[in-house]
Amino acid sequence: MKNLVCKYKDKVLESGGETILCGIVNVTPDSFSDGGKWYGKDKAVNRALELIEAGAGMIDLGGESTRPGSHYVEIQEEIERVVPVIRELKTRTDIPLSIDTWKADVAEAAIEAGVDFVNDITGFMGDPRMAEVVGKSDVGAILMFNPKIARPNHKSSANFPSFGGEGAFTEEELKSFEDMDVVEGMKKYLSKSLERAEKNGIARERIMLDPGIGFALTKKENLKLIDKIDVLREMGCFTFLGVSRKRFITNILSENNIDADGNNEEGFENRDEASAALTTIGAYKGVEVLRVHTMKHHLLAKLVADSVRLNQVIEDVSFKAYSL
């Protein structure tokens, strides 16, 4: 497996080592997973520091929910939610911070505040200025395959809000996405994202690619993209994977009569344990960064998976007999 690098500012991340867990902090009142639990500067900062203490090697901050049924947040409001958090965290931690936004103006404000990565769920396709804004900076970029933009008329796209993208693809290109295999569609979409990055002076070594799990995809499509995650590495970039608490996980549990109701403690715990199973798969496959809501289950999962993947280089141990 060829080792890759990902550069941001004056830092360099290298693949082939331990998987990085990226902790999610939603600075929103309406997130699907935590319902506004970390809404507000102090709550968000404290949550980020808790995640770092528990093992997060990166933090992803978002000021707009992108769940099915969510609503557009005005640019200034989104900026006011996230920028104070970024500024405070930059005085208290050195780990990389990413801003989860598809709006160029929000990204620009976050970059000025000190953020290290722009995590664009449209892969530079939503806001035509985004690639230019990132290109003029020295931050890294996380570019996601967005099926809502690629297949706006698909049944799975109906419940998602608009993420811009008007004119990003021709009518002929959009029509081709409709019947295309989802892996091929992801490759085609992200190839165009990379073209837009290159035109704005953003090298592949500054980019991570995200398969867009949970965004306007069917259950089988989600599972297939995870199974074929190695395709992204073949495109020459770090892989960034977010599967934590996605709806298809809930569906798998429910179909097998396992409580997956996020409104009660057992259901919530079951969702996180099942999510961690996918962290095991991702870490074993060599995914560089996994985006997760909690550390408890995911840290255990990635430690074991990393150990199996890195078995040739880890320190060996001989075990003594059990004491009776």
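Residues numbered from 1 in each chain as written. Predicted model: local features only at pLDDT ≥ 70, side-chain atom pairs only at ≥ 80, totals over all residues. Heavy atoms only, no water.

A.B. asks: Would you mind going over the side chain of S275 with me for this structure?
C.D. replies: With respect to the secondary-structure elements, S275 resides in helix 11 (residues 265-285). We classify S275 as buried; its relative accessible area is 0%. Contact partners of S275, with chain neighbours within four places excluded, come to V243, S244, R245, I249 and H298. (Helix = DSSP H or I, 4+ residues; strand = E, 2+ residues; numbered from the N terminus. Buried < 20%, exposed > 50% of the residue type's maximum accessible area, 1.4 Å probe, protein only. Contact = heavy atoms within 4.5 Å.)

A.B. asks: Would you take a moment to explain the side chain of E221 for this structure?
C.D. replies: Structurally, E221 is set in helix 8 (residues 219-227). Once residues lying within four places of it in the same chain are set aside, the contact partners of E221 are R151 and V182.

A.B. asks: For this particular structure, what's the right way to read a nonpolar patch on the surface?
C.D. replies: A cluster of nonpolar side chains, namely Y284, V304 and V308, defines an oily patch on the protein surface of about 300 Å² accessible area. Its place among the elements puts V304 in helix 12 (residues 296-309). (Patch = residues over 30% accessible without salt bridge, like charges linked within 9 Å, V, L, I, M, F, W, Y side chains within 5 Å. Areas by Shrake-Rupley, 256 points an atom, 1.4 Å probe, with all protein chains shown as cover. Salt bridge = Lys/Arg side-chain N within 4 Å of Asp/Glu carboxyl O.)

A.B. asks: Can you walk me through the state of the cysteines in this structure?
C.D. replies: Working definition: the covalent bond between the sulfur atoms of two cysteines is a disulfide. In this structure the tally under the stated criterion is zero disulfides. Cysteine C6 is unpaired, with the sulfur of C237 as its nearest cysteine sulfur at 8.0 Å. Cysteine C22 shares no disulfide, and the gap to the nearest cysteine sulfur, in C6, comes to 12 Å. Residue class for C22 comes out buried when judged on its relative accessible area of 0%. (Disulfide = S-S within 2.5 Å.)

A.B. asks: What is the right way to read the pairing of strand 6 (residues 117-120) from this model?
C.D. replies: Remark: a regular strand shows side chains that alternate across the two faces of the sheet. Where burial is concerned, the two faces of strand 6 agree: the one with F117 and N119 and the one with V118 and D120 are both buried. The sheet contact formed by strand 5 (residues 97-100) and strand 6 spans three bridges and is parallel. Paired with S98 across the bridge in strand 6 is F117. Crossover handedness for the path strand 5 to helix 3 (residues 104-113) to strand 6: right-handed. In this sheet, strand 7 (residues 140-144) lies alongside strand 6 in parallel orientation, the contact comprising four bridges. Residue pairing across strands places D120 opposite L143, the latter belonging to strand 7. Running through helix 4 (residues 130-135), the crossover from strand 6 to the neighbouring parallel element strand 7 is right-handed. (Pairing = 2+ DSSP bridges. Right-handed = clockwise from strand over helix to strand, strands pointing away.)

A.B. asks: Even after reading the chapter, I still don't get the pattern of salt bridges, so can you show me in this structure?
C.D. replies: Between side chains of opposite charge, pairing is possible as soon as their charged atoms come close. Taken as a whole and judged by the stated rule, the model has 26 salt bridges. A salt bridge links E205 to K7, with the nearest nitrogen and oxygen atoms 3.3 Å apart. Here K7 lies in strand 1 (residues 5-8) and E205 lies in the loop between helix 7 (182-199) and strand 8 (207-210), a separation of 198 residues in the sequence. The residue R129 makes a salt bridge to D105 at a minimum N-O spacing of 2.9 Å. A residue pair is termed long-range when its members are at least 10 positions apart, and R129 in the loop between strand 6 and helix 4 and D105 in helix 3 qualify at 24 residues. What makes R129 partly exposed here is its relative accessible area of 33%. Owing to a relative accessible area of 33%, D105 belongs among the partly exposed residues under this scheme. A single salt-bridge network, built from bridges that share partners, covers E18, K302, D306 and R309.

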